[in-house]
Protein chains: 2
Amino acid sequence: MSTPAPISVETLHTRVQSIFQSCGLTPQNARAVTDVIVAGERDHCKSHGIYRIEGCLRVIKAGMVKPDAIPELHDSGKAVIEVDAHAGFSNPAFFAAKDTLVARAKETGIAALVIRDCLHFSALWHDVEALAEEGLAALSMCPSYASVAPTGGTEPLLGTNPFAFGWPRPGPHPYVFDFATSVAARGEIELHRRAGTPIPEGWAIDRDGKPTTDPDAALAGAMLPFGGHKGSAISTMVELLAGALLGEFMSKEALEFSGGTHLLPRHGALILALDPATFSARSGRDPLAEGERLLTAIAGQGARLPSQRRFKARVSSLRDGIFLSEAELAQLDRFEAEGLAAL
Amino acid sequence: MSTPAPISVETLHTRVQSIFQSCGLTPQNARAVTDVIVAGERDHCKSHGIYRIEGCLRVIKAGMVKPDAIPELHDSGKAVIEVDAHAGFSNPAFFAAKDTLVARAKETGIAALVIRDCLHFSALWHDVEALAEEGLAALSMCPSYASVAPTGGTEPLLGTNPFAFGWPRPGPHPYVFDFATSVAARGEIELHRRAGTPIPEGWAIDRDGKPTTDPDAALAGAMLPFGGHKGSAISTMVELLAGALLGEFMSKEALEFSGGTHLLPRHGALILALDPATFSARSGRDPLAEGERLLTAIAGQGARLPSQRRFKARVSSLRDGIFLSEAELAQLDRFEAEGLAAL
């Protein structure tokens, strides 16, 4: 069997957007969802690449998302901006509010964006990169489904609660991290289960709250936060800031609402944008040049900056195209031909 | 030798404040510095208790701090407020700006406080607790001295960079965490050195960047961030947000400026305050009641909420007084009688 020829980032974008439009998304919504999925595939971040198309179609078919929702911006004119996704995907809501968030942060120094009532599957790095491109530092966080026990606890209560940060750099790629506050992703445990190999110690506990290296027992029990009680505290902070603070679902309520983890969760999200020019003005120093001193010193020690693998993959995808497998291409064909009926 | 009688929190406050005033602090500065030191002692948080008096006096004696500095508030009327400590301690600067920060956060939903050019020794929990008392969620962070190598690196570059979060609760005590982003504090390694016991694996590397359990080799090398590359990324974020963003020192510059870690570091700090009433208004839900659902569920699993030991100690100190050792009381006497000459 010959390896399929690569397809360009643009071609993949056109094909994915067409799939979403044929499944009821408005062109604007389809573009926003496609942007993040194709960016994931482009960056070899397969967990947020075209693999996600099926999950998006499933929530449409299940009637859990409004594919043609029109995000509604609520701008108080102050430092907190809100956008109601109206049960649509999070991505169109973010992009509907992005320009206002950028302008407000540059005007007031710091601004927050609240996304309400969305279906969420997005890679948070996509949002913080978009803000870093505008010269802003950014934080992004959201709850997910309750699948992680607090450190010292016994039952799933916290989500895998991603936490992302972006910082503008002079070159094409900002400083970006985006990680789950659980020690491992659920998918990684699933891979061990399929391979019949034990999971490392410290990843999970079983149904009785006991440490386990058995993937089946882990999946029936709870995952653990990264970094012990410190990571558990950060995950709790994400629940409070991106859930309770907004009056939106936390991970437990998101799970109760959906009745299981087989579909994308519904909840809100919080994004903070900080303008280095405002914050540093009185100092007379160049904040980005200062940041470079640190970041080049980290890299100079041989330590890896986060996202470097993604950026490397991005360069090669933009130059050589994206290499998809036969199965992936066949699935794209099926989704294009059959839409929701392909599920 | 009989155990000394306990002294009341008020008496200790009066004695400590009097020491600082006799060493040149204005009454307002002395009160702010005393507040955090006595709060630390009251909460059995010895690392930020009266043990810190000597360190404060040392920087005064060395001429590294301006004891009678008058913090200068710069209020743009927007979401970012600045206070210049003018080479004074951080605590009076924070308290000089606190009311403005609280009012601004309630007006704009989110506000940031930049503290510039301060000598820093404060427990960050003290600041976020003061904001939680006003009904605000708060984040606080600052660099320190370069003593931690980035994950995968070999040399000290990051500080122990504390990161604190506060969330208001209905009872007397908020949800608060405050931790170093290093896996252990330098003082803990020092305790192992004195006891002649090895440090746990994963705490530190030696001068050649190799993992070590030898406390001497660790102190000559570098500490490591908590939680591997995720903790390293958070520590880097603290350098960028509470250093570069503000145009203030990062941990490496703070170390170069002081020429060693024997005196308190000079740098800035960043505090964010978020108003739950503003953020949740459109949802119709009570954000603090939502938060309680999560926090009581964590405690209900038998998991410990952060700061619970401190709050328990606080209750007993307020009821029974603070128990100091003979040596601690003798040192207080000496500082009271001799001031800076006691050093």
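Residues numbered from 1 in each chain as written. Chains lettered and ligands numbered in written order. Predicted model: local features only at pLDDT ≥ 70, side-chain atom pairs only at ≥ 80, totals over all residues. Heavy atoms only, no water.

By the naming in an unreviewed UniProt entry, chain A is Oxidoreductase, taken from Celeribacter ethanolicus. The Sequence similarities (unreviewed entry) field of the UniProt record for chain A holds the comment "Belongs to the LDH2/MDH2 oxidoreductase family." (UniProt positions renumbered as here; feature names shortened; annotations may be inferred.)

Asks: Would you mind going over the relation of the copies chain A and chain B with me for this structure?
Replies: One chain copy maps onto the other through a rotation about an axis and a shift parallel to that axis. Laying chain A over chain B is done by rotating through 180° and shifting 0.0 Å along the axis; what remains is an RMSD of 0.0 Å. Viewed as a symmetry operation, the transformation between the two copies matches a two-fold axis. The C-alpha atom lying nearest the rotation axis in chain A is that of G227 of chain A; the distance is 2.0 Å. Of the residues that chain A buries at the interface, 100% are likewise interface residues in chain B, meaning the two copies contact each other through the same surface. (Least-squares fit on C-alpha atoms with pLDDT ≥ 70 in both. Contact = heavy atoms within 4.5 Å.)

Asks: So what exactly am I meant to see when it comes to the domain arrangement of chain A here?
Replies: When the parts come together, some accessible area is lost, and that loss is often what is quoted as the size of the interface. Residues and elements named next belong to chain A. By the assigned domains, chain A splits into domain 1 (1–68 + 307–343) and domain 2 (71–182 + 225–305). Once you take the C-alpha centre of each, domain 1 and domain 2 turn out to be 23 Å apart. In this complex, domain 1 contributes 30 residues to the contact, which on the side of domain 2 involves 25 residues. Both faces considered, domain 1 and domain 2 share a buried interface measuring about 2300 Å² in area, 68% of it formed by carbon and sulfur atoms. By the criterion of area lost to domain 2, the three top residues of domain 1 are V36, M64 and F311, representing 24% of everything that side buries. At the junction of domain 1 with domain 2, the criterion picks out two salt bridges. In this structure, the salt-bridge partner of E129 is R310, at a minimum N-O distance of 2.9 Å. Along the contact surface separating domain 1 from domain 2 lie five residue pairs in polar contact (both at pLDDT 80 or more). (Domains from an automatic or database assignment. Buried area = accessible area lost by both parts, 1.4 Å probe. Salt bridge = Lys/Arg side-chain N within 4 Å of Asp/Glu carboxyl O. Polar contact = N/O pair within 3.5 Å; in protein donor to acceptor, adjacent residues only side chain to side chain.)

Asks: Any chance you could explain the sheet that holds strand 8 (residues 211–212) of chain A here in plain terms?
Replies: What links the strands of a sheet is backbone hydrogen bonding, and the strands pair in either a parallel or an antiparallel sense. If you walk across this open sheet you meet the three strands as 8-7-9 (chain A), and the pairing is antiparallel. Two strands in the sheet have a free side with no partner beyond their single neighbour: strand 8 and strand 9 (222–223) of chain A. (Pairing = 2+ DSSP bridges. Helix = DSSP H or I, 4+ residues; strand = E, 2+ residues; numbered from the N terminus.)

Asks: Would you mind showing me how to read the packing of helix 1 (residues 9–22) of chain B against helix 3 (residues 51–61) of chain B here?
Replies: Between two packed helices, what matters for the description is the angle formed by their axes and the separation of those axes. All names here are of chain B. Viewed as axis vectors pointing N to C, helix 1 and helix 3 meet at an angle of 10°, and their least axial separation amounts to 11 Å. In this view, helix 1 runs roughly parallel relative to helix 3, as classed from their interaxial angle. Two secondary-structure elements touch here, helix 1 through V16, I19 and F20 and helix 3 through I53, C56 and L57. For the contact of helix 1 with helix 3, the residue count by class is six nonpolar, no polar and no charged. (Axes fitted to C-alpha atoms, helices over the stretch in contact; angles between N-to-C directions. Parallel < 35°, antiparallel > 145°, perpendicular 65-115°, else oblique. Nonpolar A, V, L, I, M, F, W, Y, C, P; charged D, E, K, R; others polar.)

Asks: Please clarify how empty space enclosed by the protein should be interpreted in this entry.
Replies: To find leftover empty space, one rolls a probe the size of a water molecule over the atoms. The tally for this structure, following the rule as stated, stands at two cavities of 30 Å³ or more. For the largest cavity, the calculated volume is near 50 Å³. Along the walls of the largest cavity sit S90, N91, F94, I115, H120, S122, L124, D127, S140, M141, A269 and I271 of chain A, which together make up its complete lining. Every element with two or more residues in the lining of the largest cavity is listed here: helix 4 (90–108), helix 5 (124–132), strand 4 (137–141) and strand 10 (266–274) of chain A. The greatest single-element share of the lining of the largest cavity, amounting to three residues, is contributed by helix 4 of chain A. For the lining of the largest cavity, the per-class residue count stands at six nonpolar, five polar and one charged. A volume near 40 Å³ is recorded for the second largest cavity. As for the second largest cavity, its lining consists of N29, A69, P71, A85, G88, F89 and P92 of chain B. (1 Å grid on protein atoms, 1.4 Å probe; cavity = no way out; pocket = protein on both sides within 12 Å on 5 of 7 lines; lining within 4 Å. Points joined across faces, edges and corners; volume = space filled by probe spheres on them.)

Asks: Quick question: what am I supposed to make of the interface of chain A and chain B here?
Replies: Of the residues lining the interface, 74 residues belong to chain A; the matching set on chain B comes to 74 residues. Summing both sides of the interface, chain A and chain B together bury roughly 6000 Å²; the carbon and sulfur share of this comes to 72%. When the area that chain A buries against chain B is broken down by residue, the three leading residues are K230, F279 and Q301 of chain A, summing to 12%. Counting across the chain A and chain B interface gives four salt bridges. Note that E253 of chain A is salt-bridged to R293 of chain B, the shortest N-O span being 2.7 Å. Linking chain A to chain B there are 22 residue pairs in polar contact (both at pLDDT 80 or more). Here the residues of the side of chain A that touches chain B are counted per class, giving 42 nonpolar, 18 polar and 14 charged.

Asks: Would you mind going over helix 2 (residues 27–42) of chain A with me for this structure?
Replies: Helical geometry note: an α-helix holds 3.6 residues per turn, so side chains three or four residues apart project in the same direction. Residue and element names in this part refer to chain A. Between its first and last C-alpha, helix 2 extends 21 Å over 16 residues, near the 22 Å set by a 1.5 Å rise per residue. Burial of helix 2 is extensive: 12 of the 16 residues sit out of reach of the surface. Among the residues making up helix 2, those that are buried are N29, A30, A32, V33, T34, V36, I37, V38, A39, G40, E41 and R42. Its buried side turned inward, helix 2 meets helix 1 (9–22), helix 3 (51–61), helix 4, helix 5, helix 12 (308–320) and helix 13 (326–338). Of the residues flanking the end of helix 2, it is H44, one or two places downstream, whose phi is positive at about 55°. (Expected span 1.5 Å × (residues − 1). Buried < 20%, exposed > 50% of the residue type's maximum accessible area, 1.4 Å probe, protein only.)

Asks: Looking at this structure, I do not really get the pattern of salt bridges. What am I missing?
Replies: Close approach of charged atoms allows side chains of opposite charge to pair. Residues and elements named next belong to chain B. A full pass over the atoms with the stated rule returns 52 salt bridges over all chains. With a shortest N-O distance of 2.7 Å, E328 and K46 are connected by a salt bridge. Linking E328 in helix 13 (residues 326–338) with K46 in the loop between helix 2 (27–42) and helix 3, this pair joins segments that are 282 residues apart in sequence.

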